[in-house]
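# Per-entry structural report
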Amino acid sequence: MDALLQQFLERDSAGPLVQFIKYALAGGIATAVDIGVFYLVAWKLIPALREDDPVVSRLKLTVHPVTEAQRSARFVYITLIAFMFSNLTAYLINIMWVFTPDPDKAMWLEILQFYAVSGISIFIGGGLGWMLIKWFHLSTTASYASKMIASLMINFVCRKFFIFQG
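Residues numbered from 1 in each chain as written. Predicted model: local features only at pLDDT ≥ 70, side-chain atom pairs only at ≥ 80, totals over all residues. Heavy atoms only, no water.

## What about the environment of Asp34?
To be explicit about the condition: The helix and strand labels rest on DSSP assignments: H or I over at least four residues marks a helix, E over at least two residues marks a strand, and numbering proceeds from the N terminus. Any two residues whose heavy atoms approach within 4.5 Å are treated as being in contact.
Relative to the helices and strands, Asp34 resides in helix H2 (residues 16-45). Taking C-alpha positions, Asp34 is 24 Å from Phe161, a pair spaced 127 residues apart along the chain. When near neighbours in sequence (up to four residues on either side) are disregarded, Asp34 contacts Ala82, Phe83, Ser86, Tyr144, Lys147 and Met148.

## Focus on the packing of aromatic side chains
Convention followed: Centres within 6.5 Å make a pair out of two Phe, Tyr or Trp rings, where for Trp the six-membered ring is used; the pair is then stacked when the planes are under 30 degrees apart, edge-to-face when over 60, and tilted otherwise. Remark: a charge is flagged as sitting over a ring if the NZ atom of Lys or the CZ atom of Arg is within 6 Å of the ring centre and within 35 degrees of the ring normal.
This model, assessed by the stated rule, comprises 10 aromatic pairs. Aromatic rings pair up to connect Tyr23, Tyr91, Phe99, Phe114 and Phe164 into one cluster. If you follow Lys44 out to its NZ or CZ, it ends over the ring of Trp43, 4.3 Å from the centre.

## Observations regarding the side chain of Ser143
Definition in use: Only protein chains enter the accessibility calculation, which uses a 1.4 Å probe. A residue is then buried if its area is under 20% of the maximum for its type, exposed if over 50%, and partly exposed in between. What qualifies as a polar contact is a pair of N or O atoms within 3.5 Å, subject to a donor-acceptor requirement within protein and to the restriction that residues adjacent in sequence count only when both atoms come from side chains.
Here Ser143 shows up in helix H6 (residues 140-163). The class for Ser143 is buried, based on a relative accessible area of 0%. Separated by 3.4 Å, the side chain of Ser143 and the backbone oxygen of Gly129 make a polar contact. In contact with Ser143, not counting residues within four places along its chain, are Phe75, Gly129, Leu132, Ile133 and Leu138.

## With respect to the nonpolar core
We apply this condition: Only buried residues count toward a nonpolar core. Its members are Ala, Val, Leu, Ile, Met, Phe, Trp, Tyr and Cys residues joined through side-chain atoms within 4.5 Å.
Phe38, Ala42, Leu49, Ile78 and Tyr144 are the most contacted members of the largest nonpolar core, which has 16 residues in total. Broken down by secondary-structure element, the contributors of at least two residues to this core are H2, helix H4 (68-98) and H6. The dominant element in this core, judged by the number of residues it contributes, is H2, at five residues. For Ile78, the residues in contact, after removing those within four places along its chain, are Phe38, Val41, Ala42, Ile46 and Ala48.

## A closer look at helix H5 (residues 107-134)
The following threshold applies: Working rule for helices: expected span equals 1.5 Å times residues minus one.
With 28 residues, H5 ought to run about 40 Å at 1.5 Å a step, and its terminal C-alpha atoms sit 39 Å apart, in line with that. Considered for burial, the residues of H5 that qualify are Glu110, Phe114, Val117, Ser118, Ser121, Ile122, Gly125, Gly126, Gly129, Leu132 and Ile133. As for H5, its buried residues are in contact with H4 and H6.

## Describing the packing of H2 against H6
Going by this rule: Interaxial angles span 0 to 180 degrees and are taken between N-to-C directions of axes, which are lines fitted to C-alpha atoms, for helices over the stretch in contact. For any helix crossing, the convention is left-handed if the near helix is rotated counterclockwise from the far helix by under a right angle, and right-handed if that rotation is clockwise. Here the term charged refers only to Asp, Glu, Lys and Arg, the term nonpolar to Ala, Val, Leu, Ile, Met, Phe, Trp, Tyr, Cys and Pro, and the term polar to all other amino acids, Gly among them.
Two elements in contact, H2 and H6, have axes whose closest approach is 11 Å; the angle formed by their N-to-C orientations is 145 degrees. Crossing geometry of H2 relative to H6 is assigned as right-handed. Where H2 abuts H6, its residues Gln19, Phe20, Tyr23, Thr31, Asp34, Ile35, Phe38 and Tyr39 lie against Thr140, Thr141, Tyr144, Lys147, Met148, Leu152, Asn155, Phe156, Arg159 and Lys160. Class assignment of the residues belonging to the contact of H2 with H6 gives a composition of nine nonpolar, five polar and four charged.

## Section: the packing of H5 against H6
To keep things clear, this is the line we draw: Small angles under 35 degrees read as roughly parallel and large ones over 145 as roughly antiparallel, with 65 to 115 read as roughly perpendicular and the rest as oblique.
Where H5 contacts H6, the axes come no closer than 8 Å and their chain directions differ by 155 degrees. By the angle between their directions, the pair H5 and H6 is classed as roughly antiparallel. In this structure, the crossing between H5 and H6 has a hand that is right-handed. Considered class by class, the residues forming the contact of H5 with H6 number 12 nonpolar, 11 polar and three charged.

## Focus: unusual backbone geometry
Here the phi dihedral of Lys60 falls at roughly 55 degrees; this positive angle occurs in a residue that is not glycine. With respect to the helices and strands, Lys60 occurs in the loop between helix H3 (54-59) and H4. Although it is not a glycine, His137 adopts a positive phi angle of roughly 55 degrees. Tracing the backbone shows His137 in the loop between H5 and H6. Relative accessible area serves as the criterion here: at 44%, His137 is assigned to the partly exposed category.

Geometric values such as these leave the question of function open.
This is the structure:
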């Protein structure tokens, strides 16, 4: 039991399963930051929610009316804002707790690669979310969930195998 606990407490001693669990926990924290920033901005700063959105109805939020064209474009802008905050959170947790930074790689290059991979995944996921709103008129929340799933799959593989030392 002590060995398992040690794997969770230390970055360098974690086996693959524990490392994936730690990655999932770190991702959960970064996702919480992303969700919080996304919905706060979509609700208060750059309106992008409809009255029939599940988050709006469950939390009984008052929203400003927006057209579908505004909502689909704003989805992309808000995604980029939330990305900046959540990706910084993810990077910091990953280097402190989950993955071992590559000692042969300059830190600026590692950060650049981290943001590049995340940028690619958010571009793909954000494009998917935009498409689901623009063409299929899905809720902002359904589009957001599809963006998150696409990003999760791309990010884990690239971070584990290309950015950090497995």
